[in-house]
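One letter stands for each residue in the lines below.
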Amino acid sequence: MAALKKTQTKSKGISFRKPTATSLPFLLEIGTEEIPTTFFPQVLQDVLALGQQLFEESRLSYHTIRTVGTPRRLALLVDGLQAKQSSRTQEVIGPPKSASFDASGAYTKAAQGFAKSQGVPVEQLTITETPKGLYLAAKKHERGQSAKQVLISNFPQYLARLTFPKSMRWNASQAKFARPIRWMVMLLGNQGLKIEFAGIRSGEVTWGHRYFRAKGEKVVQGVTLTNAATYVAMMKKLGVLVDPDERRVKITAQIAALVKSAKGQLDPVNCEELIEEAVWGVEYPHSILGTFQKEFLALPKSVLISSMKEHQGFLSLVGKDGKLLPKFIAVTNMPWGNTKLITKGNERVLSARLKDAQYFFQEDEKQPLHERVSALDGIIFHHKLGTMSQKVERVRDLVGWMAKTLDRDDLKDVCERAALLSKADLTTGMVGEFPNLQGVMGEEYAQHDGEPHNVCQAIGEQYLPRFPDDHLPTSLPGKLVACADRCDSIASFFAVKMAPSGSEDPLGLRRAAYGLVRIIHETALRLNMVDVFEHILKILAKQGVGQNDPKTTADIIGFILDRLRFYGRNTMGLRDDVMEAVFSVRPKHAVDVGDLLVRAQALQVMVSQLDFEPLMIGFKRAHRIVEKESWHDTSVLPERFQHDAEHQLFRILETAQQDVTDCVTKQEYAGALQILLTFKSSIDDFFAAVLVNDPEPHIRENRLSLLTAIDRLFLNMADFSCIQSAGTEIG
């Protein structure tokens with residue numbers, strides 16, 4: 001056998017040389033057509049994450065890395081990038097030693113093939129000891145390449161891995177990007193690097209602000225960058241603030257000054273959202289203060305705010321009394337233009353929008369909401385689920401049933417009236433022009449028609465929460481209509497086999513379920529979700545949709561519990577194993593969202609106590625014995641006990657059964673769990689003193705029944721076997 005040096009190491013090890021090369025600044029700028037503001041800041045986070053990954057995989061260290069960007073450019077900035085890769089010695093594991101030599105000790109084809117694949121002479125292979133035994137190995141020393149070579153080789157593939165909410169193809173390269181790429185700059189220090197992506201070759205020429213002017217003259221847009229380190233400062237000279245934080249500070253200061261001059265206050269509605277939108281919508285912000293005619297103040301506040309926000313991105317101003325002022329603030333991308341002219345242009349555009357809104361509002365008020373309900377027959381909810389009118393019928397039936405279930409018969413008529421009118425505003429001109437005002441305009445028009453206040457409020461609250469952190473309905477009719485509407489949508493699409501799959505959720509059912517969970521838990525509604533969905537599936541079946549299949553109900557409940565886990569984990573900090581322990585013992589015919597979360601909270605507190613871990617050792621041992629024996633009898637006969645430890649455990653069980661039942665009835669779960677903690681020493685003494693599998697059948701069966709009764713008592717609260725133990729369990 002050929003002599004080989006034996007080394008002892010892990011199955012795969014890599015060692016790096018300490019870098020000694022100098023470092024350089026690095027810049028990658030991708031110039032594009034305007035990227036939608038909604039893509040930010042996620043797109044910059046993705047660019048950063050992929051950049052970090054590329055440098056790590058390429059063995060290029062750096063001091064700092066960050067991303068900046070505007071609607072027309074994405075840039076990756078690195079300070080102190082290692083000028084040359086670290087060299088490395090890599091040990092590659094090959095075939096087992098037993099398969100590497102024949103009977104005469106010569107190398108087999110397997111060994112020779114491995115050496116050839118690694119580019120080393122077969123005689124240089126070594127034998128390495130791994131956890132799986134002795135294997136052939138090849139040690140390869142790889143000298144580091146220059147950063148220039150690495151970057152040119154890898155960045156095109158890096159760019160191809162970027163993803164966006166929506167991508168475009170625009171030329172023969174068929175590459176996809178957020179928007180068409182118009183130029184690229186790649187600099188390492190003061191040296192330009194040449195790569196090609198999406199049919200564009202990188203260079204050193206960048207482009208400044210579209211409308212940048214210096215001394216009254218329009219400058220040449222194409223400017224050559226000479227050093228990556230001066231990128232931010234150079235772009236500022238070209239009228240571009242590439243750092244979004246710098247734009248945000250500037251916008252905030254400009255707005256504060258304008259608010260002071262207007263002697264008003266920013267309307268908090270959508271304020272932060274609009275400022276953030278402005279940050280990502282301009283390259284150099286210039287805020288202006290405009291006005292509109294006072295006659296438009298007669299329009300509902302929501303209409304005015306929506307007109308300013310949705311179409312122009314204007315911020316609204318209010319007085320000390322909270323009422324809207326006939327003024328607005330706009331963040332423009334024109335700091336070098338004629339400010340008065342720009343302001344008048346924005347005022348003229350807003351005035352036209354408000355005149356449209358005024359016309360729609362006046363026309364809509366001519367027809368009461370209740371007369372519009374019949375027009376819902378002409379609006380399709382979904383081609384598999386019929387019209388919006390049919391959906392309204394289902395929601396009306398369900399919300400009335402919910403009110404009755406909660407013993408609020410006094411609100412049944414109110415809830416049903418609100419449900420009947422809930423979608424009528426979809427037929428109005430105002431909602432047709434401003435879809436985001438669904439529900440809001442319904443409430444306005446219902447008030448105009450003289451509907452009762454609680455009916456109007458419920459119509460306005462039906463879509464709350466509109467997004468995860470939005471506020472919730474405050475009135476009980478509003479909560480019930482909001483829940484009924486979501487339950488109908490979820491059940492309807494499950495009934496026609498259109499449940500969400502994977503990460504796809506085009507119908508927004510996960511969002512609907514999350515909102516449902518929030519309303520029920522955070523407003524303390526006591527609704528059994530199994531009954532709710534069984535009821536709505538029966539209504540759907542009467543309309544000829546689905547077959548009220550028990551499997552559909554089970555699938556929906558599984559979907560709701562999945563959203564409940566998501567809510568518990570992300571909002572309440574609950575552990576997955578704790579929630580599983582609670583959810584797995586719920587009665588199959590019941591899902592009380594609030595109750596399940598309260599139980600899980602109490603259990604998580606108990607899990608953190610010092611006594612819990614030792615208790616689980618004894619309990620899980622008992623649980624496994626009962627499970628293995630498939631024992632179900634809980635009839636315990638004290639006269640068959642042979643040891644004091646059995647009597648002691650039985651006495652604690654008798655006392656605890658009633659106490660735990662009382663606590664569970666009152667939803668005092670913390671108290672119930674504290675009672676269970678008292679079993680610790682008695683269970684330990686029981687297992688130390690007796691043998692469960694006694695040779696005498698009647699003694700053995702009695703002990704199994706005692707353990708089964710304890711197991712059932714614990715299962716009243718949770719399946720503790722689901723809890724991940726940090727300690728050592730008894731096998």
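Residues numbered from 1 in each chain as written. Predicted model: local features only at pLDDT ≥ 70, side-chain atom pairs only at ≥ 80, totals over all residues. Heavy atoms only, no water.

Describing unusual backbone geometry
Excluding glycine, residues mostly carry a negative phi; peptide bonds, for their part, are mostly trans.
Argument step 1. Of note, the amide linkage connecting phenylalanine 40 to proline 41 takes the cis form, showing an omega dihedral of -5°.
Argument step 2. Following the sequence through the fold, proline 41 ends up in the loop between β3 (23–32) and α1 (42–57).
Argument step 3. Omega for the bond connecting leucine 464 with proline 465 falls within 30 degrees of zero, at -5°, which places this linkage in the cis form. (Helix = DSSP H or I, 4+ residues; strand = E, 2+ residues; numbered from the N terminus.)

Some words on the packing of helix α18 (residues 550–571) against helix α20 (residues 593–607)
Argument step 1. For the pair α18 and α20, the least separation of the axes is 11 Å and the interaxial angle reads 45°. Overall, the two elements α18 and α20 adopt an arrangement that is oblique. The hand of the α18/α20 crossing is right-handed. On α20, the residues that touch Leu561, Leu564, Tyr567 and Gly568 of α18 are Val593, Leu596 and Leu597.
Argument step 2. Its residues assigned to classes, the contact of α18 with α20 comprises 6 nonpolar, 1 polar and no charged. (Axes fitted to C-alpha atoms, helices over the stretch in contact; angles between N-to-C directions. Parallel < 35°, antiparallel > 145°, perpendicular 65-115°, else oblique. Left-handed = near helix turned anticlockwise from the far one by under 90°. Contact = heavy atoms within 4.5 Å. Nonpolar A, V, L, I, M, F, W, Y, C, P; charged D, E, K, R; others polar.)

As for the layout of surface pockets
Argument step 1. Its volume calculated, the largest pocket comes out at about 1,600 Å³.
Argument step 2. Ranked by residues supplied to the lining of the largest pocket, first place goes to helix α7 (residues 301–312) with 6 residues.
Argument step 3. Residue composition of the lining of the largest pocket, grouped by class: 19 nonpolar, 13 polar and 15 charged.
Argument step 4. Here the lining of the largest pocket gathers at least three residues from each of two domains, domain 3 (245–365) and domain 4 (371–573).
Argument step 5. The wall of the second largest pocket is formed by 13 residues, among which Glu277, Val282, Gln312, Gly313 and Val331 lie closest to the centre.
Argument step 6. Contributing elements (two or more residues each) for the lining of the second largest pocket: α6 (271–281) and β20 (324–332). (1 Å grid on protein atoms, 1.4 Å probe; cavity = no way out; pocket = protein on both sides within 12 Å on 5 of 7 lines; lining within 4 Å. Points joined across faces, edges and corners; volume = space filled by probe spheres on them. Domains from an automatic or database assignment.)

Looking at the packing of aromatic side chains
Argument step 1. Under the counting rule described, the total for this entry stands at 25 aromatic pairs.
Argument step 2. With a centroid separation of 6.2 Å and an interplanar angle of 85°, the aromatic rings of phenylalanine 26 and phenylalanine 55 are classed as edge-to-face. Of the two residues, phenylalanine 26 sits in strand β3 while phenylalanine 55 sits in helix α1, which places them 29 residues apart along the sequence. Summarising the burial analysis for this pair, phenylalanine 26 and phenylalanine 55 share the class buried. (Phe/Tyr/Trp six-rings, centres within 6.5 Å; stacked < 30°, edge-to-face > 60°. Buried < 20%, exposed > 50% of the residue type's maximum accessible area, 1.4 Å probe, protein only.)

As for the domain arrangement of the chain
Argument step 1. Along its sequence, the chain is carved into domain 1 (23–85 + 146–237), domain 2 (88–142), domain 3 (245–365), domain 4 (371–573) and domain 5 (601–722).
Argument step 2. Taking the mean C-alpha position of each, domain 3 and domain 5 sit 67 Å from one another.

Points about empty space enclosed by the protein
Taking a probe equal in size to a water molecule and rolling it over the atoms shows the remaining empty space.
Argument step 1. Across all of its chains, the model carries 2 cavities of 30 Å³ or more by this definition.
Argument step 2. Looking at the largest cavity, its volume works out to about 40 Å³.
Argument step 3. If you trace the largest cavity, you find it lined by Leu266, Asp267, Val269, Cys271, Leu274, Ile305, Leu315 and Ser316.
Argument step 4. For the lining of the largest cavity, the secondary-structure elements that each account for two or more residues are α6 and β19 (315–318).
Argument step 5. Partitioned by chemical class, the residues of the lining of the largest cavity number 6 nonpolar, 1 polar and 1 charged.
Argument step 6. Computed from the structure, the second largest cavity encloses a volume of approximately 30 Å³.
Argument step 7. Lining the second largest cavity are Leu28, Ile30, Val47, Leu74, Ala75 and Leu76.

Focus: the nonpolar core
Argument step 1. Among the nonpolar cores identified, the biggest contains 144 residues, and Ile490, Met529, Phe533, Leu603, Phe679 and Phe720 are the most heavily contacted of them.
Argument step 2. Looking at this core element by element, the count peaks at 12 residues for helix α15 (residues 476–495).
Argument step 3. Not counting chain neighbours up to four residues away, the residues in contact with phenylalanine 720 comprise Leu603, Met606, Phe612, Met616, Phe619, Lys620, Leu673, Leu676 and Phe714. (Core = buried A, V, L, I, M, F, W, Y, C linked by side-chain atoms within 4.5 Å.)

Digging into the pairing of β20
Argument step 1. When you tally the buried positions in β20, you get 7 out of 9 residues, the bulk of the element.
Argument step 2. As paired elements, strand β18 (residues 286–291) and β20 share 6 bridges and run antiparallel to each other. Paired with glycine 290 across the strands is phenylalanine 328, a residue of β20.
Argument step 3. Judged from the 3 bridges that link them, β19 and β20 form a sheet pairing that is antiparallel. Its bridge partner being in β20, valine 318 is matched across the sheet by leucine 324.
Argument step 4. What sits between the antiparallel neighbours β19 and β20 is a turn of 5 residues, in which glycine 322 has the positive phi angle 85°. (Pairing = 2+ DSSP bridges.)

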